[in-house]
Amino acid sequence: MRKILYSLFICSAIAAFAQEKKFFEKGEVQLQHPLEKVNLRFENNLPFVKVDINGKMYNFLFDTGAPTVISQAIYKELNLKKKYRKAIRDSDQNVQQQILTELPEMKVDRLVFKNIGAIVIDLNSAELGCLKVDGIIGANQMAKLFWKINYSENSLEASKDLSLFDLRDYGTVIPFEAKPQKTPMVSAALLNREVKFTFDTGFSGRLETSGDHLDPEKFNHYVKTFGTRTTGAFGTAKPVPGYIFRADSMKIGNTLFQNERISSGKMNLAGNEFFKDFIFVIDWRSNKIYMKRIGTSQPMLASFGFSYRFADGKASVTFVFEEENFPLKIGDSIVSINGISLENLDQDQACYYFINRIEKDQKSIDVRINRDGKILDFKLSKKEYLK
């Protein structure tokens, strides 16, 4: 059971437009052995790897939902040259002009990547800075190899030979289309329509689908929501009405998935809360994903009915379940939770509580808020939904 729903962050689904296809196909990779094991650290539902650039170690997100990205600090330290500047779109559909450059070399354990196209982005903004990410190993870089990922064992393997991965027990086979930056797009049959999900290892959530055409009468169990729980590379999404629901069935590739928990959002995303039930292999040569089930997460949801984010040294409510008489509202400033102050925080404190939520694993909490200058106290109990 998902213990609590809070601040799912999306550092991914960064999209370059089609004219950059040739740019993202550049580069090469060298292996010392036919099958290479790569360091992997799976935490906060996101996969990270250590990267060596010019003898200095950096922390990179392993993100199929984005092209390769480097921080502005790396760009300046290496004195890299601007190839050109283009509009880039993040997971919340925000668009900004960014520099595109070429990284001469990076090492990921014994993998050596050369002349990889990369986007230069400020990775210190908002919640992204809390993750202390220096860059992203993106789909354009991954597509040069076959990859086997197992979050449960912090295991990541890479090869130029698919036959080195034993796929006999991988019962789920999912074809995909690749975007110009090589991000995999998988088709699903959901609620009597086709949905194309971004297969996104940079999304910490489970399954999210565009809310534009959702009909709650087709849901067996659902919760109405309002607000936003996501953060993209260029900022936070605007609050919108939505749902968290359980779908009777959803077919992806050759497999029928039942009783899946899905949230509505701006994009169609499949993420790590779903993937961590599997070992999976990504094959960009045949455009297929092979998955072997190793666990089964339950579709039920236990929550206090709200989430919050940090900005300017304080916490504010950004997402609520639309229940009758629910006491919290979007925009409420949280003074404290269980007596722990969430006001006047410095960046390190805000990051600590962003990652280590006070309410995590609690059955009830005391919340003090400031609403239009008035201090209000509420006691909230965790409830189970989507039974």
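Please read all numbers here as calculations on a predicted model, not as lab measurements.

Visitor: Give me the lowdown on the state of the cysteines, citing residues and values where you can.
Guide: Counting across every chain of the model gives 1 disulfide. What pairs with Cys 130 in a disulfide is Cys 351, and their sulfur atoms sit 2.2 Å apart. Negative torsions about the S-S bond denote left-handed disulfides, and the value of about -80° found for Cys 130 with Cys 351 makes this one left-handed. You can see Cys 130 sitting in the loop between strand E10 (111-121) and strand E11 (135-137) and its partner Cys 351 sitting in helix H5 (residues 347-355), a full 221 residues away along the chain.

Visitor: Which residues make up the sheet that holds strand E12 (residues 146-150), and what are the values?
Guide: On the basis of which strands lie adjacent, the open sheet formed by 6 strands has the order E3-E13-E12-E25-E26-E14 and antiparallel pairing. If you trace the sheet from one side to the other, it starts and ends with strand E3 (35-38) and strand E14 (172-175), each paired once. Across the sheet, the axes of successive neighbouring strands diverge by a mean angle of 20°, strand direction being ignored.

Visitor: Tell me about the packing of aromatic side chains, and please be specific about residues and values.
Guide: Two aromatic rings, taken as a pair, are described by how far apart their centres are and by the angle between their planes. Scanning the model with the defined rule gives 19 aromatic pairs in all. Residues Phe 321 and Tyr 385 carry aromatic rings whose centres are separated by 4.9 Å and whose planes lie at 85° to one another, so their mutual orientation is edge-to-face. A residue pair is termed long-range when its members are at least 10 positions apart, and Phe 321 in strand E29 (residues 314-321) and Tyr 385 in strand E34 (residues 383-385) qualify at 64 residues. On the basis of relative accessible area, Tyr 385 is assigned to the buried category, the value being 8%.

What counts and how
Residues numbered from 1 in each chain as written. Predicted model: local features only at pLDDT ≥ 70, side-chain atom pairs only at ≥ 80, totals over all residues. Heavy atoms only, no water. Disulfide = S-S within 2.5 Å. Helix = DSSP H or I, 4+ residues; strand = E, 2+ residues; numbered from the N terminus. Pairing = 2+ DSSP bridges. Axes fitted to C-alpha atoms, helices over the stretch in contact; angles between N-to-C directions. Phe/Tyr/Trp six-rings, centres within 6.5 Å; stacked < 30°, edge-to-face > 60°. Buried < 20%, exposed > 50% of the residue type's maximum accessible area, 1.4 Å probe, protein only.

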